[in-house]
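# An overview of the molecular structure
Spelled out from the first residue to the last, the chains are:
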There are 2 protein chains.
Amino acid sequence: MNRMERARKQMRADGLSALLFTSRENKFYLAGLYSGSGYILLTEKDIYAIVDGRYYLAQKKRMTEGTVLLIDADCTAAGHIRRILQEEAIGRIGFEKDEVTVGVWEKWQRDIPAEWVPLSLPHLRSVKTCEELSCIRRACRIADQGYEHILGWIQAGMTEKQVENELLHYMKSLGAQKESFDIIVASGENGAMPHAKAGERIICQGDFVTMDFGARVGEYCSDITRSFAVGEAREPLAAVYGIVLKAQQKAIDSIRPGRRCQEIDQIAREVITSAGYGENFSHNLGHSMGIACHEDPRFGPKDDTILEPGMVLTVEPGIYLEGIGGIRIEDDILVTENGCEVLTHASKELAVV
Amino acid sequence: MNRMERARKQMRADGLSALLFTSRENKFYLAGLYSGSGYILLTEKDIYAIVDGRYYLAQKKRMTEGTVLLIDADCTAAGHIRRILQEEAIGRIGFEKDEVTVGVWEKWQRDIPAEWVPLSLPHLRSVKTCEELSCIRRACRIADQGYEHILGWIQAGMTEKQVENELLHYMKSLGAQKESFDIIVASGENGAMPHAKAGERIICQGDFVTMDFGARVGEYCSDITRSFAVGEAREPLAAVYGIVLKAQQKAIDSIRPGRRCQEIDQIAREVITSAGYGENFSHNLGHSMGIACHEDPRFGPKDDTILEPGMVLTVEPGIYLEGIGGIRIEDDILVTENGCEVLTHASKELAVV
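Residues numbered from 1 in each chain as written. Chains lettered and ligands numbered in written order. Predicted model: local features only at pLDDT ≥ 70, side-chain atom pairs only at ≥ 80, totals over all residues. Heavy atoms only, no water.

### Description of the overall build of chain A
What counts here: Strands are runs of DSSP state E lasting at least 2 residues, helices are runs of H or I lasting at least 4, and numbering of each runs from the N terminus. All radius of gyration figures rest on C-alpha atoms, and the globule criterion is 2.2 Å times the number of residues raised to 0.38. Buried residues are those whose accessible area, probed at 1.4 Å on protein chains only, stays under 20% of the maximum for their type, while exposed residues exceed 50% and partly exposed ones sit between those limits.
Within chain A, the regular secondary structure consists of nine helices and 19 strands. Its C-alpha atoms give chain A a radius of gyration of 23 Å, within 12% of the compact-globule value 20 Å for 353 residues. Based on the C-alpha atoms only, the size of chain A along its principal axes is roughly 70 × 40 × 35 Å. Burial status across chain A gives 58% buried among its 353 residues.

Right, dumping it as structure tokens:
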């Protein structure tokens, strides 16, 4: 099923015959328009890209099907939408309620007479196409290479920020558009904070360092985490590393179509809990990724989504010891027809640099 | 007037006794919380930071006045807000309508019994404090140094992306947290697109190159643009350069408290129009900047805001010739008691590298 069919299927399931898309992610997904500006309107009859002069020609080139409409002094976006709804006799229109602000919604309700239906579309993009997977694979490859590069480059005495700057520069030199999200380089006790950013801390002999990062390629993300030791691998984290790796591997080995997301989370959580660190694994096991770095479904205790071939999720257990540090290991996993494929390949043997 | 007083003044002007802030920018402005997560609730009596365990301790350290409340299994954010509204007998609460999504608003209305009042707060942060200006000055200095570095480094044969990567890496090595926005490197005919990004185009002998970029320091932005020539400065752009520079200088010379934003826009626009390029200057003259890179007020034809000391705006006229290229020159300007101060200092003499 192609992307537009997926969206129309969702539209019909919600009893609608028009959907207005405003998120960059869905505008890109359906019509190649990665921009905060412009609108994509999907109806049963057609798909419309409504853009201003900055995007008009590029959008014309980009769209093999559908209609491109120009926002200018003669016709506003609201004017185009009003006319289409009228021509196609559409009275109700769905929109992305987790994307559209109250201010914009107020304006639409004023300018465009229709019943506006707030929708969540969390699973629209969850099953990836081959073209999408090709971008994700390239993004994963660059992240793998970035990790290898830093392992050979990092030295005690550098700041976390220096490492982050080098990693980003290197991944961009390999063709990454940018980072998937703010790169995490958490050394020593900073490793105990799952969401630490790269800061001014100087990396010392005996530290564990956790790097959580990804590359963006063709608007698709990768997301990988590795923890490694500088100089020597000290306890208790050296032992913790083995537990986290075991939890991750067991979870990955369990991924296949038909299983529920929460089961996979539970499998990793049990390994960590039975090792006595249940309280120290304070987040979900993983999340889907694609155009956005965090998408649904999630490997979390409450997510009962059934896995399908073509979904891509991270598996990223972690153990965090306040005042000491932390270990997290993360890979990107594609659900296949019979099981899964690990898309990130950086070594998971405990590295000491 | 301090930041909290500015916000309370705005609150009273809107006839309210409580404001809930959710934008990163305003949460940082009022309480140092630069995060997509957490809430800042301002009332007549107090200011509350409502955050989860990841942010609680840091927020406690950060706030010299006000109350930090923890979101956990015992009390949700909605629970905290309900209790405060009840204790302070508040029935109406304002929120940032251009920030809050329809989905979030639906949830609030369900969970927190109050009259929710959608507000625009475009001018809350427009007059900067000394501490804010100190960050902006540092961000401007790094942008100046970045430009000088690239002038000495760039060569024909490089791609726009290579230049972008080097510029970002260099600014980060000087202490920038990151770029203010995606760096623009537009060479040759790409210079005709005001919003071109850095792409795979190879920079050639005889090209003009426009770089539009900024550094983020202490969560504050700078934003500078320079156009320069590679090898030789060819016509018509060499002559256009002089027109843009004249327009920019005349606009800057006119900035002082009491003038309206639209007048400054008009002054630059007249220089460009009388030189015959009015149609080729297709955007506003400038915008305010601070924690966000684009803030209100704007130097635009429709903005009648009166300039006040402490406002910081860009002045960035441009002329774009389709198929040929473009010139844009941008500086960051502080409105002072008697006139203005230019915060960016990179040379504006036409450079040929």
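### Remarks on the packing of helix α1 (residues 3-13) of chain A against helix α2 (residues 24-31) of chain A
Residues and elements named next belong to chain A. To keep things clear, this is the line we draw: To obtain an axis, a line is fitted to C-alpha atoms, over the contacting stretch when the element is a helix, and the angle between two such axes runs from 0 to 180 degrees between their N-to-C directions. Just so you know how the angles are binned, under 35 degrees is roughly parallel, over 145 roughly antiparallel, 65 to 115 roughly perpendicular, and the rest oblique. Between two residues, a contact is recorded if the distance between any of their heavy atoms is within 4.5 Å. Three residue categories are used. Nonpolar comprises Ala, Val, Leu, Ile, Met, Phe, Trp, Tyr, Cys and Pro, charged comprises Asp, Glu, Lys and Arg, and polar comprises the others, including Gly.
Here α1 crosses α2 at 125°, and the two axes come no closer than 8 Å. Judged by the angle between their axes, α1 and α2 are oblique. Residues R3, M4, R6 and A7 of α1 pack against F28, Y29 and L30 of α2. Among the residues making up the contact of α1 with α2, the classes are represented as five nonpolar, no polar and two charged.

### Here we look at the sheet that holds strand β12 (residues 224-229) of chain A
Residues and elements named next belong to chain A. Quick note on the threshold: Following DSSP output, two strands are said to pair if at least two bridges run between them.
As summarised here, the arrangement of the three strands in space is β8-β9-β12, forming an open sheet in which the pairing is antiparallel. Among the strands making up the open sheet, the edge pair consists of β8 (184-187) and β12. Across the sheet, the axes of successive neighbouring strands diverge by a mean angle of 10°, strand direction being ignored. The sheet contact formed by strand β9 (residues 208-213) and β12 spans six bridges and is antiparallel. Residue pairing across strands places F213 opposite I224, the latter belonging to β12.

### Details of the side chain of A:R125
Residues and elements named next belong to chain A. Mapped onto the secondary structure, R125 falls in the loop between β6 (115-119) and α6 (130-153). On the accessibility criterion, R125 (14% relative accessible area) is buried. Each residue touching R125, except ones within four places of it in the same chain, is listed here: E25, N26, Y29, I291, A292 and E295.

### Digging into the sheet that holds strand β7 (residues 178-179) of chain B
All names here are of chain B. An order of β7-β10-β11 is seen for the three strands of this open sheet, with the pairing classed as antiparallel. The sheet is open, and its two edges are formed by β7 and β11 (220-221), each paired on a single side. Bridging between strand β10 (residues 215-217) and β11 involves two bridges; their strand directions are antiparallel. When the bridges of β11 are listed, R216 appears paired with C221.

### Thoughts on the nonpolar core
Grouped burial of nonpolar side chains is what soluble globular proteins tend to show. Note the threshold: Take the buried Ala, Val, Leu, Ile, Met, Phe, Trp, Tyr and Cys residues and link them wherever side-chain atoms come within 4.5 Å; each set so joined is a nonpolar core.
Counting residues in hydrophobic clusters, the biggest one holds 52 residues, and the most contacted among them are A:M211, A:F213, B:M211 and B:F213. Once residues lying within four places of it in the same chain are set aside, the contact partners of A:M211 are A:Y147, A:I150, A:V163, A:I184, A:V185, A:I224, A:T225, A:R226 and A:F228. One finds A:W105, B:I84, B:F95 and B:V102 within the second-largest nonpolar core, a separate group that totals 40 residues.

### Some details on the relation of the copies chain B and chain A
Inclusion rule: In this comparison the copies share one frame, found by least squares on the C-alpha atoms of residues holding pLDDT of at least 70 in both.
With an RMSD of 0.0 Å, chain B superimposes on chain A once it is rotated by 180° and translated 0.0 Å along the axis. Seen this way, the second copy is the image of the first under a two-fold rotation axis. No C-alpha of chain B approaches the rotation axis more nearly than that of B:T101, which lies at 2.0 Å. Both copies contact each other with a shared surface, as 100% of the interface residues of chain B are interface residues in chain A too.

### Here we look at the interface of chain B and chain A
What counts, and what does not: Accessible surface is computed with a 1.4 Å probe, and the buried area is the amount of it that two parts give up when combined, taken over both parts together. Salt bridges are defined as contacts in which a side-chain nitrogen from Lys or Arg sits within 4 Å of a carboxyl oxygen from Asp or Glu. Identification of polar contacts relies on pairs of N or O atoms within 3.5 Å, with a donor-acceptor requirement for protein atoms, meaning one able to donate a hydrogen and the other able to accept it, and with residues adjacent in sequence counted only if both atoms are side-chain atoms.
Taken together, the contact pairs 24 residues of chain B with 25 residues of chain A. In total, about 2,100 Å² of surface goes out of reach between chain B and chain A, with carbon and sulfur atoms giving 50% of it. Put simply, chain B and chain A have six salt bridges between them. When the shortest N-O distance is used, the salt bridge between B:E106 and A:K97 registers 3.1 Å. The interface formed by chain B and chain A holds 14 residue pairs in polar contact (both at pLDDT 80 or more) in total.

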